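Each chain is listed here by its residues.
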Amino acid sequence: MAVRVRWSALKQSRWYEYLLRFVLGGLATVLAGTVAQFFGPEAGGLFLAFPAIFCASATLIEKHERERKQKLGFSGNRRGTEAAALDAAGAGLGSIGLAAFGLCVWWLTPSLSFGSLAVGSVAWLTISVFLWRLRLNLRIHL
Amino acid sequence: MEYLIRFLAGGIVVSAFAVLGDVLRPKSFAGLFGAAPSVALATLGLALWKDGGDYVSVGGRSMILSSLALAVYSLVVCQLLVRRRWPALAATSAAIFVWLAVALGSKQLLIG
């Protein structure tokens with residue numbers, strides 16, 4: 001299965017949906033920083049993988065897929081739920097990549113400083129894509 | 001002022017990854033971007049600039065545990081959606097308690 005870009009998907013989102021994700025992203029970052037400030041970096045680090053934005057994303061995906069099917073005369077409820085579940089399955093694999101990002105930060109930041117964030121990002125993408133391909137090839141259903 | 005910078009940096013990075021997730025297909029691949037290090041890049045970038053590498057390194061260790069909690073969270077959300085047919089908002093909101101339990105529990109158990 002080839003990865004492709006569908007630019008028309010951008011038209012499905014309304015301006016307030018972009019604003020919602022911007023605000024949630026900003027708040028999640030403020031939350032992580034504030035927790036670190038008051039309870040130390042160990043507690044703050046936990047909130048670097050807090051699923052705040054995921055709630056909004058999954059709900060929007062479900063809504064968009066349902067609306068797309070409703071335009072064709074179907075209820076779209078089942079399709080919406082399945083699309084959100086697929087997104088969650090992908091996020092599950094991406095989380096393993098995110099743990100690799102955390103590992104890079106833990107081990108490399110004292111020596112590499114900002115470079116550790118770049119190495120961590122490459123590790124996140126590589127491991128996430130590898131796991132996604134592996135799941136596809138082995139036909140594993142979550 | 002620091003909170004405003006944090007808010008703007010987080011909003012921009014999270015939105016950028018969210019847009020990537022919107023346009024990429026198939027959906028399962030786009031889902032990978034739901035667990036992108038967006039909040040981490042914004043938060044750790046600012047913390048590196050302000051507090052230095054050793055401080056940030058400690059946060060990275062906890063992040064490994066919360067990432068694994070996010071994997072469990074995603075699995076639970078997936079099951080609630082597919083098997084129980086819950087609406088996405090209900091499933092993703094309820095599963096936050098699972099994330100909290102796994103993240104805080106594993107931190108207490110492994111780091112203290």
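Everything quoted here is computed from the prediction, not taken from an experiment.

What counts, and at which threshold
- Residues numbered from 1 in each chain as written.
- Chains lettered and ligands numbered in written order.
- Predicted model: local features only at pLDDT ≥ 70, side-chain atom pairs only at ≥ 80, totals over all residues.
- Axes fitted to C-alpha atoms, helices over the stretch in contact; angles between N-to-C directions.
- Helix = DSSP H or I, 4+ residues; strand = E, 2+ residues; numbered from the N terminus.
- Parallel < 35°, antiparallel > 145°, perpendicular 65-115°, else oblique.
- Left-handed = near helix turned anticlockwise from the far one by under 90°.
- Nonpolar A, V, L, I, M, F, W, Y, C, P; charged D, E, K, R; others polar.
- Expected span 1.5 Å × (residues − 1).
- Buried ≥ 20, exposed ≤ 12 C-beta atoms within 10 Å, placed from the backbone.
- Contact = placed C-beta atoms within 7 Å.
- Pairing = 2+ DSSP bridges.
- pLDDT = per-residue confidence, 0-100.
- Core = buried A, V, L, I, M, F, W, Y, C linked by C-beta atoms within 7 Å.
- Domains from an automatic or database assignment.

1. Some remarks on the packing of helix α5 (residues 77–112) of chain A against helix α6 (residues 114–138) of chain A
For any two helices packed against each other, the geometry comes down to the angle between their axes and how far apart the axes lie.
Residue and element names in this part refer to chain A.
Step number 1: Axis separation between α5 and α6 bottoms out at 7 Å; the angle between their running directions is 155 degrees. Between α5 and α6, the angle is such that the two are roughly antiparallel. Crossing of α5 against α6: the hand is right-handed.
Step number 2: When the residues that make up the contact of α5 with α6 are grouped by side-chain class, the tally is 16 nonpolar, nine polar and one charged.

2. Details of α6 of chain A
Step number 1: The terminal C-alpha atoms of α6 of chain A, which comprises 25 residues, lie 36 Å apart, in line with the 36 Å expected from a rise of 1.5 Å per residue.
Step number 2: For α6 of chain A, the full list of buried residues reads Ser116, Leu117, Gly120, Ala123, Trp124, Ser128 and Trp132 of chain A.
Step number 3: Contacts made by the buried residues of α6 of chain A are with α5 of chain A together with α2 (27–30) and α3 (38–51) of chain B.
Step number 4: A positive phi of about 50 degrees marks Arg139 of chain A, the residue just after α6 of chain A.

3. Comments concerning the interface of chain A and chain B
Step number 1: At the interface, 70 residues of chain A touch 73 residues of chain B.
Step number 2: Those elements giving two or more residues to the side of chain A that touches chain B turn out to be β1 (4–5), α1 (9–12), α2 (15–39), α3 (41–46), α4 (52–71), α5 and α6 of chain A.
Step number 3: Looking at which element gives the most residues to the side of chain A that touches chain B, the answer is α5 of chain A, with 25 residues.
Step number 4: Of the residues contributing to the side of chain A that touches chain B, the split by class is 43 nonpolar, 21 polar and six charged.
Step number 5: Sheet analysis places β1 of chain A next to strand β1 (residues 24–25) of chain B, joined by two bridges and oriented antiparallel. In the strand pairing of β1 of chain B, Arg4 of chain A is matched with Arg25 of chain B.

4. Overview of the confidence of the model for chain B
Step number 1: Summarising the model, chain B shows a mean pLDDT of 93, and 100% of its residues fall at 70 or more.
Step number 2: In the predicted assembly, ipTM is 0.94 and pTM is 0.92.

5. Some details on the packing of α3 of chain B against helix α4 (residues 53–82) of chain B
Residue and element names in this part refer to chain B.
Step number 1: The N-to-C vectors of α3 and α4 enclose an angle of 155 degrees; their axes lie 8 Å apart at closest approach. As summarised for this structure, α3 and α4 are arranged roughly antiparallel, according to the angle between their axes. When α3 is examined against α4, the residues Ala40, Leu44, Ala47, Leu48 and Asp51 are found in contact with a partner set consisting of Gly53, Tyr55, Val56, Gly59 and Met63.
Step number 2: When the residues that make up the contact of α3 with α4 are grouped by side-chain class, the tally is seven nonpolar, two polar and one charged.

6. Quick word on the environment of Glu62 of chain A
Step number 1: Inspection of the secondary structure assignment puts Glu62 of chain A in helix α4.
Step number 2: Here Glu62 of chain A falls in the buried class, since 26 other C-beta atoms lie within 10 Å of it.
Step number 3: Between the C-alpha atoms of Glu62 of chain A and Gly80 of chain A, which are 18 residues apart in sequence, the distance is 4.1 Å.
Step number 4: Ignoring anything within four residues of it in the chain, the contact list for Glu62 of chain A reads Gly80, Thr81, Ala83 and Ala84 of chain A together with Ala88 of chain B.

7. Here's the deal with the nonpolar core
Step number 1: Grouped together as the largest cluster of nonpolar side chains are 71 residues, with contacts concentrated most on Ala84, Ala88, Phe101 and Val105 of chain A together with Leu70, Val77 and Leu81 of chain B.
Step number 2: In terms of residue count, α5 of chain A provides more of this core than any other element does, 16 residues in total.
Step number 3: A domain split of this core shows at least three residues from each of domain 1 (1–51) and domain 2 (63–112) of chain B.
Step number 4: Among all residues touching Phe101 of chain A, those that are not within four sequence positions of it are Gly120, Ser121, Ala123 and Trp124 of chain A together with Pro37 and Ala40 of chain B.

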